[in-house]
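Single-letter residue listing:
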There are 4 protein chains.
Amino acid sequence: MSEESQNNRYEQQKLSAVKAAAAEFAEHGYHGASTKAIAARMGVQQGSLYYYFKSKEDALLAVCLFGIRDYASRMREIAANAQPFEAKLLATISSHLSSYRSTNEALKVYNAERLYLSAEKRANLKELGSMYRELLESIFDEAIRDAAIHDNVDCHFAAQTVIGMCNAWGELIVRDPELDIFELTQKCTNLLLRGFGK
Amino acid sequence: MSEESQNNRYEQQKLSAVKAAAAEFAEHGYHGASTKAIAARMGVQQGSLYYYFKSKEDALLAVCLFGIRDYASRMREIAANAQPFEAKLLATISSHLSSYRSTNEALKVYNAERLYLSAEKRANLKELGSMYRELLESIFDEAIRDAAIHDNVDCHFAAQTVIGMCNAWGELIVRDPELDIFELTQKCTNLLLRGFGK
Amino acid sequence: MSEESQNNRYEQQKLSAVKAAAAEFAEHGYHGASTKAIAARMGVQQGSLYYYFKSKEDALLAVCLFGIRDYASRMREIAANAQPFEAKLLATISSHLSSYRSTNEALKVYNAERLYLSAEKRANLKELGSMYRELLESIFDEAIRDAAIHDNVDCHFAAQTVIGMCNAWGELIVRDPELDIFELTQKCTNLLLRGFGK
Amino acid sequence: MSEESQNNRYEQQKLSAVKAAAAEFAEHGYHGASTKAIAARMGVQQGSLYYYFKSKEDALLAVCLFGIRDYASRMREIAANAQPFEAKLLATISSHLSSYRSTNEALKVYNAERLYLSAEKRANLKELGSMYRELLESIFDEAIRDAAIHDNVDCHFAAQTVIGMCNAWGELIVRDPELDIFELTQKCTNLLLRGFGK
DNA sequence: CATGAATGAGCGTTCATTCAT
DNA sequence: CATGAATGAACGCTCATTCAT
């Protein structure tokens, strides 16, 4: 039990480290953030960080994974559910946008800073990222099969655009805590389904 | 003539410095880029950079301005022209997306790094950026008045979304030189007008 | 005991840093001295200095304080003692001149370089310096009241002159380790009391 | 005539350069002053300074010489005159103190910065400086022979002290343009002749 | 005589990282 | 598990100086 509680303690501290790193990376960027500031934010000395991360780059990887893990797994659920296209699209957007509120800026860090990871470290992420896009593409594919959307829709373009639009709004969500995510989700979904025109 | 050519020399070098800085900032981010690398890219010694920029931050400001000056002025022209909504929207998107090819990554830098400028330095940019969004909003306002789009469209949301979508694609344009901008412009415009649904 | 010795370790190193800085500032002036040379003199790497000083300017402040702290507190004792004027004057001069031997050139640095401190940092010093002069003035005031000196002596002038004379000789003391301070003290005191004339 | 006027022009500019350098050296010290600031103060470009000084060190030498040339030659006149001791002492102090007003801070620079000159460059100055002190010593020697002062006065000490006292006040004169030099001269002379005691 | 452009060395400072305690 | 002390490389920047024009 003592071992377990120690383990818990470690996990708690590690989580706290990830959140501190996420906040610093989000505010100053990966290169602009300092390990000293991350340590200060979580209330330990600079050297102690190295019990939780092997290096600064390692911290970035941890933050990125923290940022997309849930987000990617929720996508898997959405794609697997037997729902009409419109519901799936709404669920996707809702999940994506609200992730920006719930992951301590880690999703923003994933978007803005992941390219600074070395190729090897990024490999893990790439898989999750690609999976996300492919699942979204498959939703559009299915919609075409079900005649829910025009058959001339480019599914790759569509998925990329949905992701890009959500990320663009995500930046604004992080910066403006007043933004109403529910309303925003409605508007985005509506736009994607029907456009602005008459 | 000697005077003019001397003047040209300075202007040429300054432009070359801005482009070198844009490239380095785009690749490594503001904090990750080094003045040494910028100098090396333009073929001078590190110290010589300071003949053209008062500081690294000043270089970032110059890059950002370089990135949005034309882009903003083109928007002014588009908004002023007497054209139907659909043409204006297409022109906007076309201008926005092709800027990512013509400004040596400076527009990408403006989007990703401008928040690292101090408040005073950013003031110059803010005006141009706000103007851009407001002009775009006015195009949507006008479209409502002309009954070209539904009257329940939130023009602020619409403008922000167009900008966000273009910037998201801009990132991809910069990273992938093969991307067909003409085709992309069509698809984006089409989506915004009619959506994916039937 | 381990804790105390650790604390000692830091204090020892900090003192060593102050002395190294004093020596370099005295030899090359504040601007002419390099942090690299200071670090080398105390046997650490350049960057390690910043564990003991927040900045080079901070090091100058530390040196100045080190240079005048004892010197100012001794003045307080002298002024407080119930002794005849001549004894107080002698004590003052003796204390002032011998400080130049005991503070590792820090007093010289205080005199020659303190004006390079920013106004805020200099504030700490100003108080001590003013106190010193005022205490000395009060000794002259008292001497007038006790009729130990002519009543037309300008006490401000007198204090300033004593200080100036001692500092002038201090420069020579630092440069020439052979100078006999005891003899010098006698001569200065004698001059101030009786002048060169008959 | 054209040649002469050109020569004059050069001499004027050189003088202006010396004064500019004196002012910068006095304000920031030799190492703290920049050639750029000196050039700016005299209204030319940085590179143009090198028509008047071979190097920054050369500029310091020129300033030092400018600071003590007149001052030393005046001392020669004073020592040569057939006047009583008291008159000579007064003339010396008057000349010394008023030099601080008339040489654009160059005398202050001579005192505070001359040690940063390399040994060879300082040689010229040393001669003038030693001459000054020796002339002053000879005045005290003569005063002993004429029985104008006690025969136990140490003439070397006396000369050094007079110089030191004047330089100490000189610092204050430079910093405070309101100081009454005439009054100060009287007080210093009086002190040196009669002391503060009764 | 003066300039503007450039240099290359050096500066003060910060950084990610290590490791004995 | 955590610290405090130290490292050495890199950073942004300033400098005195040079030289073609």
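Residues numbered from 1 in each chain as written. Chains lettered and ligands numbered in written order. Predicted model: local features only at pLDDT ≥ 70, side-chain atom pairs only at ≥ 80, totals over all residues. Heavy atoms only, no water.

## Section: the overall build of chain A
Summing up its helical and strand segments, chain A has eight helices and zero strands in all. Dimensions along the principal axes, computed over C-alpha positions, put chain A at roughly 60 × 35 × 35 Å. Restricting to contacts in chain A with at least 6 residues of sequence separation, those with at least 24 account for 69%. As displayed, chain A has an accessible area near 9,800 Å², and 48% of this comes from carbon and sulfur atoms. Looking at chain A, you have 23 positive and 26 negative side-chain charges, and the mean spots of the two groups are 4 Å apart. (Helix = DSSP H or I, 4+ residues; strand = E, 2+ residues; numbered from the N terminus. Contact = heavy atoms within 4.5 Å. Areas by Shrake-Rupley, 256 points an atom, 1.4 Å probe, with all protein chains shown as cover. Lys, Arg positive; Asp, Glu negative; His and termini not counted. Charge placed at Lys NZ, Arg CZ, Asp CG, Glu CD.)

## Comments concerning the nonpolar core
Generally speaking, soluble globular proteins have nonpolar side chains that are buried together. Counting residues in each nonpolar core, the largest one holds 132 residues, and the members touching the most others are Phe25, Phe140 and Phe196 of chain A together with Phe25, Phe140 and Phe196 of chain B. Those residues within four positions of Phe196 of chain B in sequence are excluded, and the remaining contacts are Phe140, Ile149, His150, Val153, Phe157, Ala158, Leu192 and Leu193 of chain A together with Leu191 of chain B. The next biggest cluster of nonpolar side chains, apart from the first, holds 131 residues, and it includes Leu117 of chain C together with Phe53, Ile163 and Leu193 of chain D. (Core = buried A, V, L, I, M, F, W, Y, C linked by side-chain atoms within 4.5 Å. Buried < 20%, exposed > 50% of the residue type's maximum accessible area, 1.4 Å probe, protein only.)

## Some words on the interface of chain A and chain B
Listed as interface residues are 37 residues of chain A and, on the opposing side, 37 residues of chain B. With both chains or domains summed, chain A and chain B bury close to 3,100 Å², and 67% of this area falls on carbon and sulfur atoms. Looking only at chain A, the three residues that lose the most surface to chain B are Phe157, Phe196 and Lys198 of chain A, adding up to 25% of its buried area. For the pair chain A and chain B, the number of links is two salt bridges. A salt bridge links Lys187 of chain A to Asp154 of chain B; its shortest N-O distance comes to 2.6 Å. Here chain A is connected to chain B by 15 residue pairs in polar contact (both at pLDDT 80 or more). Residue assignment for the side of chain A that touches chain B shows that the elements contributing at least two residues are helix 1 (2–32), helix 7 (155–175) and helix 8 (181–194) of chain A. When residues in the side of chain A that touches chain B are grouped by element, the largest group, ten residues, is from helix 7 of chain A. When its residues are assigned to classes, the side of chain A that touches chain B shows 19 nonpolar, ten polar and eight charged. (Buried area = accessible area lost by both parts, 1.4 Å probe. Salt bridge = Lys/Arg side-chain N within 4 Å of Asp/Glu carboxyl O. Polar contact = N/O pair within 3.5 Å; in protein donor to acceptor, adjacent residues only side chain to side chain. Nonpolar A, V, L, I, M, F, W, Y, C, P; charged D, E, K, R; others polar.)

## Description of the environment of Tyr30 of chain C
Residue and element names in this part refer to chain C. With respect to the helices and strands, Tyr30 occurs in helix 1 (residues 2–32). Taking the C-alpha atoms as reference points, Tyr30 and Ala106, separated by 76 residues in sequence, lie 12 Å from one another. Excluding residues within four positions of it along the chain, Tyr30 makes contact with Phe25, Lys56, Glu57, Leu60, Glu113 and Tyr116.

## Looking at the arrangement of the chains
If you take every C-alpha in chain A and every C-alpha in chain C, the smallest gap between them is 13 Å, and the two do not touch. The two units chain B and chain D remain apart, with a minimum C-alpha distance of 13 Å.

## Digging into the protein's contact with DNA strand F
Neighbouring DNA strand F are 33 residues, the closest being Tyr51 and Tyr52 of chain A together with Arg9, Tyr51 and Tyr52 of chain C. Considering DNA strand F, the proportion of its atoms within 4 Å of the protein that are sugar or phosphate atoms stands at 67%. One nitrogen or oxygen atom from the side chain of Ser48 of chain A is found 2.5 Å from a phosphate oxygen belonging to DNA strand F. Tyr50 of chain D places a polar side-chain atom, nitrogen or oxygen, 2.7 Å from a phosphate oxygen of DNA strand F. Elements represented by at least two residues in the surface near DNA strand F include exactly helix 1 of chain A together with helix 1 of chain C. Counted by class, the surface near DNA strand F contains twelve nonpolar, 17 polar and four charged residues. (Near = heavy atom within 4 Å.)

## Brief notes about helix 5 (residues 106–113) of chain A
Judged by how many residues are buried, helix 5 of chain A sits mostly within the fold: six of eight residues are covered. Within helix 5 of chain A, the full set of buried residues consists of Ala106, Leu107, Lys108, Val109, Tyr110 and Glu113 of chain A.

## What about the environment of His28 of chain B?
Positionally, His28 of chain B belongs in helix 1 (residues 2–28). Filtering out sequence-adjacent residues up to four positions away, His28 of chain B remains in contact with His31 and Tyr116 of chain A together with Ala33 of chain B.

## Focus on the relation of the copies chain C and chain D
Relating the two copies of this chain is a rotation about some axis coupled with a shift parallel to it. Note on the identical chains: chain C maps onto chain D by a rotation of 180° and an axial translation of 0.0 Å, with an RMSD of 0.1 Å. The symmetry that links the two subunits is that of a two-fold axis. Every residue of chain C has its C-alpha some distance from the rotation axis, and the shortest such distance is that of Gly195 of chain C, at 2.0 Å. The share of interface residues of chain C whose copies in chain D are also at the interface is 100%, consistent with both copies meeting through the same surface. (Least-squares fit on C-alpha atoms with pLDDT ≥ 70 in both.)

## Observations concerning the side chain of Arg122 of chain D
Residue and element names in this part refer to chain D. Mapped onto the elements of the fold, Arg122 is located in helix 6 (residues 119–145). Here Arg122 is buried and forms no salt bridge, its nearest opposite-charge partner Glu57 lying at an N-O distance of 8.0 Å. Aside from chain neighbours lying at most four places away, what touches Arg122 is Arg114, Leu115 and Leu117.

## Notes on the interface of chain C and chain D
At the interface, 37 residues of chain C touch 37 residues of chain D. For the pair chain C and chain D, the interface holds two salt bridges. Where chain C packs against chain D, one counts 16 residue pairs in polar contact (both at pLDDT 80 or more). Of the residues forming the side of chain C that touches chain D, the biggest block, ten residues, is contributed by helix 7 (residues 155–175) of chain C. Grouping the amino acids of the side of chain C that touches chain D by side-chain chemistry returns 19 nonpolar, ten polar and eight charged.

## Notes on the protein's contact with DNA strand E
Around DNA strand E there are 33 residues in total, and Arg9, Tyr51 and Tyr52 of chain B, Tyr50 of chain C together with Tyr52 of chain D lie nearest to it. Counting only the atoms of DNA strand E within 4 Å of the protein, the fraction contributed by sugar and phosphate is 69%. Within the contact set of DNA strand E, a phosphate oxygen lies 2.8 Å away from a side-chain nitrogen or oxygen of Tyr50 of chain A. Here a phosphate oxygen of DNA strand E sits 2.9 Å away from a polar atom, N or O, in the main chain of Gln45 of chain D. Every element with two or more residues in the surface near DNA strand E is listed here: helix 1 of chain B together with helix 1 (2–32) of chain D.

## Points about the relation of the copies chain A and chain B
Superposition record for chain A on chain B: RMSD 0.1 Å, screw rotation 180°, translation along axis 0.1 Å. When the interface residues of chain A are mapped onto chain B, 100% of them are again interface residues, pointing to one common binding face.

## A look at helix 8 (residues 181–194) of chain C
Because an α-helix completes one turn every 3.6 residues, residues spaced three or four positions apart along the sequence face the same direction. Residue and element names in this part refer to chain C. Over its 14 residues, helix 8 extends 20 Å from the first C-alpha to the last, a length consistent with the 20 Å expected when each residue adds 1.5 Å. Those residues of helix 8 lying buried are Ile181, Leu184, Thr185, Cys188, Thr189, Leu191, Leu192 and Leu193. Sitting at the amino-terminal end of helix 8 is Asp180, which places a side-chain oxygen 2.9 Å from the backbone nitrogen of Phe182. Two residues or fewer past helix 8, Gly195 is found with a positive phi of approximately 75°. (Expected span 1.5 Å × (residues − 1).)

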